[in-house]
Amino acid sequence: MTRRLVDTGPPGWLDIGSYGRYGPGRRDRLSSAQVAFIARTVRRAPEVMIKMLNQGGRGLGSVARHLKYLDRDGDLPIETDDGDPLKGKGVSKALLDDWDLELDAKRPPTADHKPRQMGKQPKLVHKMIFSMPAGTPPNKVLAAVKDFAREEFGAKHRYAMVLHTDEPHPHVHMVVKAMGYDGIRLNIRRATLREWRRQFARHLREHGVAANATERAVRGVTKPQKQDAIYRAQRRRDSTHWRQRTAAVVREMTSDGEIKPEPGKAELLETRYRIVSGWNAIADDLARQGQAGLAQEVRRFVTQLPPVRTEREWIRDRMLEQAKGSERAQLADRWKQDALASWQVFRAQQQVLEHARLRELEHAQQQSLERTGKRSRTHRDDRTR
């Protein structure tokens, strides 16, 4: 059975990083949609967020617990693809029965199941979160997600969603049945998520909410996100992970607070160079098209891009921000002393292990020499006799 990949539409029609490569002579005029996109970006319209929850979508029990969490055990209404909201005790179990997930759980892996996952139970559902910053009207967020789901999954996959407003930022949890009506499994890739973000932002704008969907590098965000644990640990401050990472950074800090550049810094700087070149080329084209005001905003946006920061530099900045004035040097010295003490303990342990290894090696060599001497004496005695 073949895999169906979600149609992500045409490739990106305004790649900022590549825009300035060919020079203005080989570019067409910017369309009205592209000009609107540029204006939203440089004026920093709120960015939409779609997050995939990859855990707990392969078993009936985990799916049932997730649905009970979403509707707060019957207190919140569940919006479904049927159009009628469901609310009350036992609604989540009824939804599982209606979706025939028990049958999907017993179904053997099909040809569209990835080979590296052959030892796992295929996903029964895909779980995702649609979120907007604080202050966005929750009812409009829910309406935009409903329009998005109707457009993407209508007559293809069963889905359900619940609006949560218990946090400052309104967000909608959505659960999509992985197996479609046609028996083909839904597979989601990074390009799919990028296109979904653009579509979600479009639906929000149709409901009167300012929203945008751009790449992080386009906005000048270079703080690495693939290691989110370091930022959660920094908020806790007392975690072992945070202490270990800060100690490693402090060991590399010089007296003036500088650290050795990471190998990934060159790649980040190259990306920033391409982004800045692309924005400057866009500003030039906007000026030629009579959009002098917007071109000036683009140039101002470029000058306000945050500096490129690697993870270790980010940690160093967070630590130095905790100290002010004369306290900064004292705090840095204390960090270095703590790091030096930890390193000395580690080094002492390594030296003990090294001495023990050398003693074992010398003992083995001595035994080898004794065996060799014994064999030589035996051979000499035999020749004498």
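This text goes with the structure placed above it.
Residues numbered from 1 in each chain as written. Predicted model: local features only at pLDDT ≥ 70, side-chain atom pairs only at ≥ 80, totals over all residues. Heavy atoms only, no water.

A. Structural detail: the overall build of the protein chain. In terms of regular secondary structure, the protein chain is built from 13 helices and 7 strands. Counting every position in the protein chain, which comprises 385 residues, the buried fraction comes to 39%. For the protein chain, long-range pairs separated by at least 24 residues make up 72% of all intrachain contacts whose partners lie at least 6 apart in sequence. When the accessible area of the protein chain is evaluated, it comes to approximately 22900 Å², of which 51% is carbon and sulfur surface. (Helix = DSSP H or I, 4+ residues; strand = E, 2+ residues; numbered from the N terminus. Buried < 20%, exposed > 50% of the residue type's maximum accessible area, 1.4 Å probe, protein only. Contact = heavy atoms within 4.5 Å. Areas by Shrake-Rupley, 256 points an atom, 1.4 Å probe, with all protein chains shown as cover.)

B. Structural context of unusual backbone geometry. Residue Arg44 is not a glycine yet carries a positive backbone phi of 55 degrees. Position of Arg44 relative to the elements: it lies in the loop between helix 2 (32-42) and strand 2 (49-53). Assessed through its relative accessible area of 43%, Arg44 is described here as partly exposed.

C. Local environment of the nonpolar core. In this structure, Phe153, Met174, Phe200 and Leu204 are the most contacted members of the largest nonpolar core, which totals 26 residues. The set of elements that each furnish at least two residues to this core consists of strand 2, strand 4 (125-131), helix 6 (138-153), strand 5 (159-164), strand 6 (171-177) and helix 7 (190-206). The biggest single contributor to this core is helix 6, with 7 residues. Counting 22 residues, the second largest nonpolar core, distinct from the first, contains Leu30, Phe37, Val218 and Leu286. (Core = buried A, V, L, I, M, F, W, Y, C linked by side-chain atoms within 4.5 Å.)

D. Representation of the sheet that holds strand 4 in the model. Read from one edge to the other, the open sheet built from 5 strands follows the order 2-4-6-5-3, with strand pairing classed as antiparallel. Two strands in the sheet have a free side with no partner beyond their single neighbour: strand 2 and strand 3 (79-80). One ladder, built from 5 bridges, connects strand 2 with strand 4; its direction is antiparallel. For Met49, the partnering residue across the bridge sits in strand 4 and is Ser131. Contacts from helix 4 (residues 91-99) reach strand 3, strand 4, strand 5 and strand 6, with the element oriented near 155 degrees to strand 5. Here helix 6 sits on the sheet in contact with strand 3, strand 4, strand 5 and strand 6, set at roughly 170 degrees to strand 5. (Pairing = 2+ DSSP bridges. Axes fitted to C-alpha atoms, helices over the stretch in contact; angles between N-to-C directions.)

E. Broad picture of the pairing of strand 4. With respect to burial, strand 4 is a largely interior element, 7 of its 7 residues being buried. Judged by which residues are buried, strand 4 turns out to be covered on both faces: Val125, Lys127, Ile129 and Ser131 on one side and His126, Met128 and Phe130 on the other are all buried. In terms of strand pairing, strand 4 meets strand 6 through 7 bridges, oriented antiparallel. By the bridge assignment for strand 6, Met128 is matched with Met174.

F. Spotlight on the packing of helix 2 against helix 10 (residues 264-288). At a minimum axis distance of 12 Å, the contact between helix 2 and helix 10 shows a crossing angle of 125 degrees. Relative to helix 10, the element helix 2 lies oblique. For helix 2 against helix 10, the interelement crossing comes out left-handed. From helix 2, Val35, Ile38, Thr41 and Val42 reach across to helix 10, where they touch Trp279, Ile282 and Leu286. The residue makeup of the contact of helix 2 with helix 10, split by class, is 6 nonpolar, 1 polar and no charged. (Parallel < 35°, antiparallel > 145°, perpendicular 65-115°, else oblique. Left-handed = near helix turned anticlockwise from the far one by under 90°. Nonpolar A, V, L, I, M, F, W, Y, C, P; charged D, E, K, R; others polar.)

G. Local environment of helix 2. Burial in helix 2 covers these residues: Gln34, Val35, Phe37, Ile38, Ala39, Thr41 and Val42. Check the buried side of helix 2 and you find it contacts helix 10 and helix 11 (292-303). A positive phi of about 55 degrees marks Arg44, the residue just after helix 2.

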